[in-house]
Amino acid sequence: MNMEFLSTIDTKQDEIIKLADTIWENPEIAFKEYKSSGAIISFLKANGFTVEENIGGIPTAFIASYGSGHPEIGFIAEFDAIANLSQVAQVAVQQKDPSCVHGHACGHHLYGAGAVAAALAVQTYLKASGKAGTVKVLGCPGEEGGSGKAYMARTGVFRSLDAAMGGHPECMWAVRTRPSLACCNILYKFDGRASHAGAKPHLGRSALDAVELMNVAVNFLREHIPYDNRVHYAITDAGGTAPNVVQPHAEVMYMMRAKDNADLNSLCKRVHKCAEGAAIATETTFSSEFHAASSNLITISVLQKNLYKAMAAIPLPQPDEADIAFAREIAKTIVDRKEDDPLYPTELLPLPDVISPHFGSTDTGDVSWNCPTVQMHVGCWVPGTPNHGWQTVAQGKNGFARRAMLYTGKALALAAVQLFENPELLAEAKKEHLAKTDGVYEPAMPADVMPHL
Ligand SMILES: [Zn+2]
Ligand SMILES: [Zn+2]
C-alpha cells in the first residue's frame, strides 16, 4: 500500500509534539480540561476540521470531523491529568513542579496528541484519494474516575462510527486484546445520632458502626460472588476525630466490578442489601449516591488483527543515547525491575492465542458498546514504570515517549486506511460487534446520573 499519507505526521511533528507539551504543561483533572481540550480544538480547526463541542453536557467533550459520509472512523483522544501528581520533567528523582498541582501520570497528553496525529494523516489520505469517508477525533475528557465517555455515549455520538481506535501509553507495544470489567462507584451515607460516648452511649446511634457493619457484611459476601466480581471500598468520612462522640454521620465509597453490565447490576443489588442490613442493626438511616460507571469492554478480533498488521508494517521507535542515559536513571527508581529487563520496549508483542482475563475497567467500554473498537498499548515508558506515579510524569516529555506518540499516530492512521481500502473488514467488524452486543446498549450508568462537573 502507498503509505505516503503518513509523511504528514513527519511534516507536522514539531506542532504535534508542541500540542502534547501544552497539555502536559497544563495538567487538568476530570472535566476541568479547558486548556487541554481548547488546545486540541484550536489545532484541529486550524487544520480544517469542524468541531462540535459540549457533548453530553460536558464543556470539555468534543467531536472533531473531517470529510463526509462513510466509512466513519474515530480516534479516541484523552487529555485529563491525575490529581496532585505534579512532577518536573526529565529528572529521575521525585520533585514537584512548582508551576502546577496535578500531573500527566497516565500519559493522556500523548494519548490526545497521538489521536490528532492519526487524524491528520487520514485527512491527507482522504484528500489524496478522493474517497468518501469521515475521520473524527473523539475528544473524551474525564477518563480518570469520571467515566466521561459514558456520558458522551448516551447522546449517541459514537453510534455512527464504523470503527473507533485509540492508543494508550504503557510499558509495552501490543494490540489490546483483553476485555475489561464493567464498574461503578456508589457512595453510601449513613446518619445516626450524636451522643456522649461515655455518659450517654444508649442515646447515640453510630453511623460509623453502620459503615463498619456494612463493610463486614460485604467482606462475608465476597465468598459467594462470581470469581470475576470485584468489590473495593474507602471510608471517605469516618464521622470525625473524637472517640468520645457517637458519630452521627459517616460515608463509605464503594466500587464494584463485574464481567458485564447485567452482572454488575446484580452485584450492586447485593451490596446494597449489606447497607440495608447495617442500617437496621444500628438503627441508622442511609442514602446512596451513584457517582460514575463504565461498561465492560467489547473486543473485536478483526480490528485487532487489522491494527496488528498496521503496527507491524511501521518500524517501532528506537531510543537514542540521551533516552538510554535517562532510562538508566529512571530504572534505578523502579522497584520491580529485573536485572535483564530492557530499558525501553522495542518489540511488538504478537497477538496471543489465548486471551487472558483483565480485572481493570475503562470508560472506553462505553464506546465499544456503540461501535467496533480497538486499542493499542503504546510502549513509551521504561518497563516497570508505575502507570500512575511520578516516574510517568517525569517521562512525559522524553524523546522516546514523543517518538512513540508519533509512531502511534502513524500506526492508527495506517490501520484506518486499511479499513477505508478494505470495507469488507468493516462489515466483518460490524457482524462481530452485533453478535457480541445484540445491538443493544444498556449502559452501566443510570440515565439520571449527571457528570460531577
Ligand atoms: Zn490512568
Ligand atoms: Zn489512562
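Residues numbered from 1 in each chain as written. Chains lettered and ligands numbered in written order. Predicted model: local features only at pLDDT ≥ 70, side-chain atom pairs only at ≥ 80, totals over all residues. Heavy atoms only, no water.

## Quick look at the coordination of the zinc ion (ligand 1)
Put simply, the test is: Metal-coordinating donors are taken as N, O and S atoms lying within 2.8 Å of the metal, or within 3.2 Å when the metal is Na, K or Ca; because water is left out, some sites can appear incomplete. Working definition: helices are DSSP H or I runs of at least four residues, strands are E runs of at least two. Numbering for both runs from the N terminus. Three exposure classes are used, based on accessible area relative to the maximum for each residue type with a 1.4 Å probe and protein chains only: buried under 20%, partly exposed in between, and exposed over 50%.
The protein atoms donating to the zinc ion (ligand 1) are Cys106 (SG), Glu144 (OE) and His388 (NE2), with metal-donor distances spanning 2.0 to 2.3 Å. Donor residues for the zinc ion (ligand 1) sit on one chain with the sequence pattern C-x37-E-x243-H. The distance between the zinc ion (ligand 1) and the zinc ion (ligand 2) comes to 3.1 Å, and Cys106 binds to both of them. Note that Glu144 is positioned in the loop between β4 (133-140) and α5 (148-153) and His388 in the loop between β11 (373-379) and α11 (390-394), a separation of 244 residues in sequence. Judged by its relative accessible area of 22%, Glu144 falls in the partly exposed class.

## Concerning empty space enclosed by the protein
Spelled out, the test is: Here a cavity denotes a set of grid points, spaced 1 Å apart and computed over the protein atoms alone, in which a 1.4 Å probe fits but from which it cannot get out, and a pocket denotes an open set meeting protein on both sides within 12 Å along at least five of seven lines; residues with an atom within 4 Å of a point are reported as lining. Grid points are joined across faces, edges and corners, and a volume is the space filled by probe spheres set on the points. Asp, Glu, Lys and Arg are counted as charged, while Ala, Val, Leu, Ile, Met, Phe, Trp, Tyr, Cys and Pro are counted as nonpolar; the rest, among them Gly, fall into the polar class.
A full pass over the atoms with the stated rule returns two cavities of 30 Å³ or more. Put simply, the largest cavity is a space of about 40 Å³. If you trace the largest cavity, you find it lined by Arg176, Leu297, Ile298, Thr299, Gln304, Thr373, Val374 and Gln375. No other element matches the three residues that β11 contributes to the lining of the largest cavity. Looking at the lining of the largest cavity, its residues break down into three nonpolar, four polar and one charged. Around the second largest cavity, the lining residues are Leu110, Tyr111, Gly167, Pro169, Val378, Met405 and Thr408. Of all the secondary structure elements, the ones that give two or more residues to the lining of the second largest cavity are α4 (108-129), β5 (163-170) and α12 (399-421). A breakdown of the residues in the lining of the second largest cavity according to their chemical character gives five nonpolar, two polar and no charged.

## Details of the sheet that holds β4
Condition: Two strands form a pair only when DSSP identifies at least two bridges running between them. Here, residues are in contact when the closest pair of their heavy atoms is within 4.5 Å. Comment: axis = line fitted to C-alpha atoms, over the contacting stretch for helices; angle = value between 0 and 180 degrees taken between N-to-C directions.
Ordered in space as β1-β2-β4-β3-β5-β11-β6, the seven strands form an open sheet in which the pairing is mixed. For this open sheet the edge positions go to β1 (50-53) and β6 (174-175), each flanked by a neighbour on one side alone. Where strand β2 (residues 62-68) and β4 come together, seven bridges link them in antiparallel fashion. Bridge pairing in β4 links Ile63 to Leu138. Each of β2, β3 (72-78), β4, β5 and β11 is contacted by α4, which is oriented at about 155° to β3, the strand it contacts most.

## Brief notes about the coordination of the zinc ion (ligand 2)
Of the protein atoms, only Cys106 (SG), His108 (NE2) and His168 (NE2) coordinate the zinc ion (ligand 2), at distances of 2.0 to 2.4 Å. Counting gaps between the donor residues of the zinc ion (ligand 2) yields the pattern C-x1-H-x59-H.

## What about the nonpolar core?
Generally speaking, a soluble globular protein has its nonpolar side chains buried in company with each other. The line we're drawing: Here, nonpolar core means buried Ala, Val, Leu, Ile, Met, Phe, Trp, Tyr and Cys residues that are tied together by side-chain atoms lying within 4.5 Å of each other. By convention here, the domain bounds are inherited from an automatic or database domain assignment.
Counting residues in hydrophobic clusters, the biggest one holds 124 residues, and the most contacted among them are Phe75, Phe158, Phe190, Met214 and Met256. The biggest single contributor to this core is α12, with 14 residues. Here this core spans two domains, since at least three of its residues come from each of domain 1 (4-179 + 297-437) and domain 2 (182-293). Non-local contacts of Met214, meaning those with residues more than four positions away in its chain, are made with Tyr188, Phe190, Val252, Tyr254, Val271, Cys274, Ala275 and Ala278. Formed by ten residues, the second largest nonpolar core is a distinct cluster that contains Phe326, Ile330, Ile334 and Phe400.

## Some points on the domain arrangement of the protein chain
Applicable threshold: Counted as salt bridges are all cases of a side-chain nitrogen of Lys or Arg within 4 Å of a carboxyl oxygen of Asp or Glu.
For the protein chain, the assigned domains are domain 1 (4-179 + 297-437) and domain 2 (182-293). Across the boundary between the two partners, domain 1 contributes ten residues, which contact nine residues of domain 2. Joining domain 1 to domain 2, the criterion identifies zero salt bridges. Tallied by class, residues from the side of domain 1 that touches domain 2 come to four nonpolar, five polar and one charged.

## Overview of the pairing of β3
Put simply, side chains in a regular strand alternate between the two faces of the sheet. Which entries qualify depends on this criterion: When the strands point away from the viewer and the path from the first strand over the helix to the second turns clockwise, the crossover is right-handed.
Burial runs high along β3: seven of the seven residues are buried. The side-chain alternation of β3 yields two buried faces, one formed by Glu72, Gly74, Ile76 and Glu78 and the other by Ile73, Phe75 and Ala77. In the sheet, β3 pairs with β4 via seven bridges, with the strands oriented parallel. Directly across from Ile76, in β4, lies its bridge partner Leu138. On the question of chirality, the crossover connecting β3 to the parallel β4 by way of α4 is right-handed. The pairing of β3 with β5 spans three bridges and is parallel. Bridging across to β5, Gly74 finds its partner in Ala164.

## Topic: helix α2 (residues 13-25)
Our working rule: Every helix has an expected span of 1.5 Å times one less than the residues it contains.
Between its terminal C-alpha atoms α2 stretches 18 Å, which fits the 18 Å expected from 13 residues at 1.5 Å a residue. Here the buried face of α2 lies against α1 (7-11), α3 (34-46), α4, α11 and α12.

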